[in-house]
Amino acid sequence: MALVEINNVRKTFGELEVLKGVTIEVEKGEIVTIIGRSGSGKSTLLRCINGLEQIDSGEIRIGEQVVHAKSTDLRKLRQHVGIVFQQFNLFPHMSVERNITLAPILAGRVQKGAAARELALKVLTQVGLAEKIDAYPEQLSGGQQQRVAIARCLAMSPDLMLFDEVTSALDPELVGEVLKVMEDLARQGMTMILVTHEMGFARNVASKIVFMHAGKVHEQGPPAELFANPATPELQNFISSTR
Amino acid sequence: MQLNFNQLWRYQDEFLHGIQMTLTLTLIATVFGLAIGLAGASLSRSRFAPVRIAIATYVELIRNTPALIQIFLIFFVLPYAGLRFPPFYAAAVALSIYMGAYAVEIFRSGLASIPKSQIEAGQCLGLSKFQVFRHVILPPALRNIYPSLTSQIILVLLGSSLASQVSAEELFHTAAFVESRTFRSFEVYAVVCAIYFVMVLSLRLLFSGFERIAFRWPTRR
């Protein structure tokens, strides 16, 4: 059974239908990259997956849980589904350590104090920022903040991680360090769904590419196939416009 | 004009009592006012329109009428409701209600100053609504409103002199009393003015000291 099943999901904002019946499956350990033009519904879809947005019809299932079911405890669900945002969204009033350990401590996963600090160090080491454990977000560069945001997700040992255009707000020279962290995660077998404009990353790291167009999955498949032989003119256009 | 402060020394105890009462009034009004403010601001984000309207009505009624009249109304109206308070407590109630209305607005602006993305980040980490409020929203909101909140506390301290009008025995009441005994009007009010000045100045120093300890995280450049 797939880890994530997105089945015929529809979503409107007022008059505007953003998702017009989207169906995607994500297996455990897969890296699914959603590409497409601005306004094609990529980010909205991602926000639906962890229940940040309601859906009008269809169903999203993660593991055993149906995300938008009344009986679903979104808090519990989100403790297993991490999301990294375009704007990092670190808490400015907390040190890096506190940013990372707040949720695990409140969820009762780790004791406050030495154990929590150890957990912070562990995930910071994974993103190569162990020495910044006592810094505040404002003292870090954008790339470092984003890596801390990834570490903050990792501290909850998620089953699934969502990445919403995580390099779009970064200066070009800082994009690489964040992508490298994501590649490491991919290699370690983390299941990831990401919305990105980084075609190089999509091409080299993704196990599956989903091309969204006008609120629908227009084409999907392994990157090698999709990039070499786009079946539709929309994808052909999109690929040539990003080159 | 011949100034004579000597006579005032005899009333040291009365002045001290007045200072103590003024500070107590301010403290009571601050504690209850802040509680009202925080509760009111949270409720003003309620989904239920009647709740929001009730809060808005309270805030506008208090902010658009003189504090002096509010004190009178509380003092003279409460007995009809079977609540017979000594003047000091009536004044404390009135000033708490007064402080509360301003505090609601201040807290409201503070809560609104936290971007939605911060709240979402908290939710996405599996925090409960209360945990998001307590850990994600409140600390930076408090920092943002700290200057206006402390100014408001000082305004309440200065405004507490109005309580003398229902004969609550605070500092200004003491002044009127000493004046009536000594007839040294200018001296009495000069001294009282200086006392208020020192009180407020010390309070401001205290507040800015606390600010430095409580809000240490670096801010956006």
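All of these numbers come straight from a predicted model, not from anything done at the bench.

Asks: Can you walk me through unusual backbone geometry in this structure?
Replies: Most of the time, phi is negative for any residue but glycine, and the peptide bond is trans. We note that A:A214 has phi near 50°; this positive angle belongs to a residue other than glycine. You can see A:A214 is positioned in the loop between β9 (208-213) and β10 (216-221). A positive phi angle, near 60°, is found at B:F183, a position not held by glycine. Tracing the backbone shows B:F183 in the loop between α7 (171-182) and α8 (185-214).

Asks: Whenever I open this one, the environment of B:V200 confuses me. Can you help?
Replies: Looking at where B:V200 falls in the secondary structure, it is placed in helix α8. B:V200 has contacts with B:I154, B:L157 and B:L158, leaving out every residue within four places of it along the chain.

Asks: Explain the packing of helix α6 (residues 129-159) of chain B against α8(B) to me, please; I cannot follow it from the model alone.
Replies: Residues and elements named next belong to chain B. Direction vectors running N to C along α6 and α8 enclose 160°, while the axes themselves pass 11 Å from each other. The angle between α6 and α8 falls in the class roughly antiparallel. Taken as a pair, α6 and α8 cross one another with a handedness that is right-handed. Residues Y146, T150, I153, I154, L157 and L158 of α6 form the contact with α8, whose own contacting residues are Y196, M199, V200, L203, R204, F207, F210 and E211. Of the residues belonging to the contact of α6 with α8, the class tally is 11 nonpolar, one polar and two charged.

Asks: Any chance you could explain a nonpolar patch on the surface here in plain terms?
Replies: Residues and elements named next belong to chain B. A cluster of nonpolar side chains, namely L3, F5 and F186, defines an oily patch on the protein surface of about 280 Å² accessible area. Tracing the chain through its elements places F5 in the segment before α1 (12-43). The partly exposed category is assigned to F5, whose relative accessible area is 35%.

Asks: Hey, could you run me through the packing of helix α4 (residues 114-126) of chain A against helix α5 (residues 142-154) of chain A in this one?
Replies: When two helices pack together, their arrangement is given by the angle between the helix axes and by the axis-to-axis distance. All names here are of chain A. Two elements in contact, α4 and α5, have axes whose closest approach is 9 Å; the angle formed by their N-to-C orientations is 130°. Put simply, α4 runs oblique to α5. Regarding α4 and α5, the two cross each other, and that crossing is right-handed. Here α4 contributes V123, L124 and Q126 to the contact with α5, which in turn contributes V148, A151 and L154. Taken together, the residues of the contact of α4 with α5 sort by class into five nonpolar, one polar and no charged.

Asks: I tried to follow the interface of chain A and chain B on my own but got confused; where do I start?
Replies: Note: interface size is frequently given as the accessible area lost on complex formation between the parts. The partner chain B presents 21 residues to the 24 residues of chain A that form the contact. When chain A packs against chain B, close to 2,100 Å² is buried across both sides, 60% of that on carbon and sulfur atoms. Seen at the junction of chain A and chain B, the total is one salt bridge. Notably, a salt bridge pairs A:R47 with B:E120, separated by 2.8 Å at the nearest N-O pair. Counting every contact that joins chain A to chain B gives six residue pairs in polar contact (both at pLDDT 80 or more). Of all the secondary structure elements, the ones that give two or more residues to the side of chain A that touches chain B are α2 (74-78), β6 (81-84) and α3 (96-106) of chain A. Ranked by residues supplied to the side of chain A that touches chain B, first place goes to α3(A) with four residues. The residue makeup of the side of chain A that touches chain B, split by class, is 13 nonpolar, five polar and six charged.

Cut-off values and rules
Position labels on residues start from 1 in each chain and follow its written sequence. Lettering of chains starts at A and numbering of ligands starts at 1, both following the order in which they are written. Under the rules for a predicted model, residues below a pLDDT of 70 receive no local features and side-chain atom pairs below 80 are neither given nor counted, while totals for whole chains, interfaces and linings still include all residues. Calculation of side-chain values draws on the structure's entire complement of heavy atoms; hydrogens and water are dropped beforehand. Working definition: helices are DSSP H or I runs of at least four residues, strands are E runs of at least two. Numbering for both runs from the N terminus. By definition, residues are in contact when any of their heavy atoms lie within 4.5 Å. For helices, the fitted line uses only the C-alpha atoms of the stretch in contact; every axis is such a line through C-alpha atoms, and the angle between N-to-C directions lies from 0 to 180 degrees. Roughly parallel means an angle under 35 degrees; roughly antiparallel, over 145; roughly perpendicular, 65 to 115; everything else is oblique. Helix crossings are classified by the rotation of the near helix relative to the far one: an anticlockwise turn of less than a right angle makes the crossing left-handed, while a clockwise turn makes it right-handed. Residue classes follow a fixed rule: Ala, Val, Leu, Ile, Met, Phe, Trp, Tyr, Cys and Pro count as nonpolar, while Asp, Glu, Lys and Arg count as charged, and any other residue, Gly among them, counts as polar. Put simply, a patch holds well-exposed residues, over 30% relative accessible area, that have no salt bridge, with like charges counted together within 9 Å and Val, Leu, Ile, Met, Phe, Trp or Tyr side chains within 5 Å. Here the accessible surface of atoms and residues is derived via Shrake-Rupley with a 1.4 Å probe, and residues count as covered only by protein chains that are part of the display. Any carboxyl oxygen of Asp or Glu that lies within 4 Å of a side-chain nitrogen of Lys or Arg is treated as forming a salt bridge with it. The buried label applies to any residue whose accessible area, calculated with a 1.4 Å probe on protein chains only, is under 20% of its type's maximum; exposed applies above 50%, and partly exposed to all values in between. Buried area is understood as the total, over both parts, of accessible area removed when two parts are fitted together, assessed with a 1.4 Å probe. Side-chain atoms alone can form a polar contact between residues adjacent in sequence; in general such a contact is a pair of N or O atoms within 3.5 Å, and within protein one must be able to donate a hydrogen while the other accepts it.

Nothing here speaks to function; it is all geometry.
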